[in-house]
Amino acid sequence: MCGPYSRRRYYHIREFHMASSASELESEDLDDEIELDAPESSQSNLPERIYDINEADADSQAANLEQLSIKEEDAWWNQVPLNNLDLSSNALTHISPKIENLQSLTVLILHDNALVTLPPEMAKLEKLVRLNLSHNKLSDLPRELYSLPELRHLNISYNEFSELDPDISDLHMLEFLDAGHNNIQIIPGGIGFLVRLTALLLPFNHIKELPPDLVSMRSLQKLDLMQNDLIYLPDDIGLLRKLQCLYIQHNDIKMLPDFEGSEELQELHASNNFIESVPKALCANLPHLKIFDLRDNKISILPDEICLLRNLHRLDVSNNSINTLPVTLSALAHLISLQVDGNPIKTIRRDILQCGTTRILKTLQERAQAKAREGGADNATAGAPGPDEALRLRGGQANEARNYPDNHRQQHYPCQCVQCRSHYQQQFQSSQQRFCNCPQCMYRQQQEASGYYRTVTNQYAQPDLAHYRTYNAYQNSSFASYQQQETDEQTDASLEVHPRWVYKLRQSRTLAVNLEELTDVPESVFQMAREENVHVVDFARNQLGTLPAGLQHLCHLVTELVLGHNLISHIPPFISQFTRITFIDLSNNLLKDLPSEIGVLNTLRELNIANNRLEFLPNGLYELQSLEVLIASDNHIKALNVSGLGAMRRLATLDLRNNDIDFVPPILGNLTNITRLELVGNPFRQPRHQILAKGTEAIMSYLRDRIPI
């Protein structure tokens, strides 16, 4: 097969000269693209030559070797078949059946035309991988089209479909389906056979219910059902175990399912519904949820278990009926945006609510600390869980409070022996006595007086299970023998982990301990984490002075390392051993520099070093060839090393807000790979604030205009 254009694979015809987006085309190599401007007037038919583009024309066939030697690239033996055809925005009303001649096509874009039907002959384009039919007037597709064996990307949005054809389940290779902005009311039951589908977009339709086999699409990562007529979600939607983003805004949903099994879910957008409550089980089942949008619903109370959403970054409950915020919200170490406007909250002053997230969380934390000092006596009246129902966020999971020696409930249950627990209500509640006469209580009373437990808590928070295991052994023994046994076990038993905690660790692949004032972490914890193949380590909001040495046990496993809000002033050189790391958060620490070894982290894509004491960007950063996001705001950086930044070819986001930069070099404007540049809050005079407010493109253009010629 050959054509009149040498080494060309992409035929581009548009009424208006505009480039396709990356999401529409797989190949946009300028060397492989032909652009032919359409006539100024709208056209409804394509030139017949398009359908024969792969055939040699008469002139090419008649040319002799001498003529072709003048321009060898025009020789027929140098021709390649057409792979990509973009016919967008040409007001086409029909496509000729001759399109079957273009059997080498892999990408066909018919976006923004006036097509009402398609020829069945399109089914002969067996190599077609991407088909974009959006913004037309189609109400159905030829049944033959559902037999395309290689089709992976299908876009039929902004048309006039009233239903999806059940035969769509025959597209076994389909990975992306966009059928938004139609009039679809029913999703066929066989859609569950699309087991390779990773994105299903059905916004702005009239869908009332989802088929039961929707949960069979085990590869689904993104599900968009915004602006439909749904009244409920399937109870077993948690079977979509790879689901990461769910959009169900503007429906008629009254209740959320528990999402049991959807541990990978990161974004849940459920605003503008009729949701009345947040299930407690939902909070326990979504450990990786980062965005939870519940604004404009009918919610009257948030459960205390909301603290189990330990990775939550943004919580929006605006315009609901909430009158009390649970103090457990202050335990969310990563919460940076809490929106509560439009609620009848009476337990927090209006001026505090208007101060924003930080002030609200600080108020809740102060109340939680006050409640802890009171010993939890008022838990029932304050709406917090009572002693037997209390949950702690420990190690990234919900664990029973009785497993931890540093729990505030220790004021009532000084020990966990059977005697104390069985006689607490009868013997201790009505009096001030906090210890029974068993050897365990006698020894604990001695240890408490010496401040031992306070020291243990500050060093590392680990489950204390020794007493469960040894109670029968020491029950009839003397106090002296128990004291010796306790001393021998402090080193080993105090570091053991509850089986439930180990199970959760294994399921989430995350080691997270926040808000525990840790100054160090025992090496055995990391050894255990290595055995459970942990990928994420999160010790944010503690008092670590450096990276725990035990982290080296995870250097070939960890992909995310979160150490924000600590007292870290030094990063050890072993940071270079993390061969799979993609994200590091060192924000809100005491760093003045980073080791040069950080430059060997060739997998690192995002680095957050905001709110430290840096006076310059460390030289090692300029060697990070894969870094895409660098957040260095709120430091004391005085100057920019443009040549160093220029070496970071993939850098797209550079945040330098609130530093001491007094001059912005104009050549910074030549770094076109930077698509987001933040410079507000620095003492330089140029560019002015008006330019900064217009965004990155205006800033870069301003700088380029001032480069000396």
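Residues take numbers from 1 onward in each chain, read along the sequence in its written order. Given that this is a predicted model, residues contribute local features only at a pLDDT of at least 70 and side-chain atom pairs are listed and counted only at 80 or more, while totals for whole chains, interfaces and linings are drawn from all residues. For the side-chain quantities, the full set of heavy atoms in the structure was used; hydrogens and water were omitted.

## A word on the overall build of the chain
Here is step 1: Where helices and strands are cited, they refer to DSSP runs of H or I of at least four residues and of E of at least two residues respectively, numbered from the N terminus. When you go through the chain residue by residue, the secondary structure sums to 16 helices and 24 strands.
Here is step 2: Each residue gets one of three labels from its accessible area relative to the maximum for its type: buried under 20%, exposed over 50%, partly exposed in between, using a 1.4 Å probe on protein chains only. Each of the 709 residues in the chain was classed as buried or not, and the buried ones make up 52%.
Here is step 3: Methods summary: accessible areas were calculated by the Shrake-Rupley approach with a probe of 1.4 Å, and residue burial reflects only the protein chains presented. Summed over its atoms, the accessible surface of the chain is roughly 33200 Å², and 48% of this surface lies on carbon and sulfur atoms.

## As for the sheet that holds strand 21 (residues 606-608)
Here is step 1: As summarised here, the arrangement of the 8 strands in space is 17-18-19-20-21-22-23-24, forming an open sheet in which the pairing is parallel. Of all the strands in the sheet, the pair left with one neighbour each is strand 17 (510-512) and strand 24 (676-678). The sheet shows a mean angle of 5° between the axes of neighbouring strands, direction not considered.
Here is step 2: A pair of strands is treated as paired once DSSP finds two or more bridges between them. Of the pairings in the sheet, the one linking strand 20 (residues 583-585) to strand 21 comprises 3 bridges and is parallel in character. Each residue of the ladder has a partner; that of I584, found in strand 21, is L607. In this analysis, axes come from line fits to C-alpha atoms, helices being fitted only over the stretch in contact, and the angle between any two N-to-C directions falls in the range 0 to 180 degrees.

## Regarding the pattern of salt bridges
Here is step 1: Here a salt bridge means any side-chain nitrogen of Lys or Arg lying within 4 Å of a carboxyl oxygen belonging to Asp or Glu. Here the structure, examined in full by the defined rule, presents 12 salt bridges.
Here is step 2: In this structure, the salt-bridge partner of R152 is E150, at a minimum N-O distance of 3.1 Å.
Here is step 3: Using a relative accessible area of 26% as the deciding quantity, one classes R152 as partly exposed.
Here is step 4: The partly exposed category is assigned to E150, whose relative accessible area is 32%.
Here is step 5: With its nearest N and O atoms 3.0 Å apart, the salt bridge here joins R349 to D351.
Here is step 6: With relative accessibility at 51%, the residue R349 sits in the exposed group.

## Describing the packing of aromatic side chains
Here is step 1: Ring pairs are drawn from Phe, Tyr and Trp, using the six-membered ring of Trp, whenever the two centres fall within 6.5 Å, and their geometry is named by plane angle: stacked under 30 degrees, edge-to-face over 60, tilted for the rest. Going through the model one piece at a time under the given rule, you end up with 1 aromatic pair.
Here is step 2: An angle of 70° between the planes, with centres 6.0 Å apart, marks the rings of F526 and F539 as edge-to-face. With a gap of 13 residues between them, F526 in helix 13 (residues 523-531) and F539 in the loop between strand 18 (536-538) and strand 19 (560-562) connect regions that are remote in the sequence. The same class applies to F526 as to F539, namely buried.

## Remarks on a negative patch on the surface
Here is step 1: Residues with no salt bridge and a relative accessible area higher than 30% make up the patches, which join like charges within 9 Å and nonpolar side chains (Val, Leu, Ile, Met, Phe, Trp, Tyr) within 5 Å. Charge assignment in this entry is limited to Lys and Arg as positive and Asp and Glu as negative, and neither His nor the chain termini are counted. To locate a charge, take NZ of a lysine, CZ of an arginine, CG of an aspartate or CD of a glutamate. A cluster of acidic residues, D235, D236, D258 and E260, forms a negative patch at the surface.
Here is step 2: On the secondary structure map, D258 appears in the loop between strand 10 (245-247) and strand 11 (267-269).
Here is step 3: Given a relative accessible area of 36%, D258 falls into the partly exposed group.

## Quick word on the confidence of the model for the chain
Here is step 1: Overall, the predicted model of the chain reaches an average pLDDT of 77, with 71% of residues at or above 70.
Here is step 2: Every residue in residues 376-419 scores below 50 in pLDDT, and together they form 113 contacts with partners more than four places removed in sequence or on other chains.
Here is step 3: pLDDT is a residue-level measure of predictor confidence that goes from 0 to 100. In this analysis, two residues are considered to be in contact whenever any of their non-hydrogen atoms come within 4.5 Å of each other. Here residues 421-435 scores under 50 on pLDDT; set against residues more than four positions off or in separate chains, the count is 21 contacts.

## Examining the environment of T672
Here is step 1: Within the fold, T672 resides in the loop between strand 23 (653-655) and strand 24.
Here is step 2: On the basis of relative accessibility, which here comes to 61%, the residue T672 falls in the exposed class.
Here is step 3: Considering only alpha carbons, one finds T672 and R649, 23 residues apart in sequence, at a separation of 9.5 Å.

## Remarks on unusual backbone geometry
Here is step 1: Cis geometry marks the peptide bond from Q686 to P687; its omega dihedral reads 0°.
Here is step 2: Relative to the helices and strands, P687 is located in the loop between strand 24 and helix 15 (689-692).
Here is step 3: The phi angle at H250 is positive, at roughly 55°, despite the residue not being glycine.
Here is step 4: By secondary structure assignment, the location of H250 is in the loop between strand 10 and strand 11.
Here is step 5: For H250, a relative accessible area of 33% corresponds to the partly exposed category.
Here is step 6: Even without being a glycine, N533 presents a positive backbone phi close to 60°.
Here is step 7: Along the chain, the position of N533 falls in the loop between helix 13 and strand 18.

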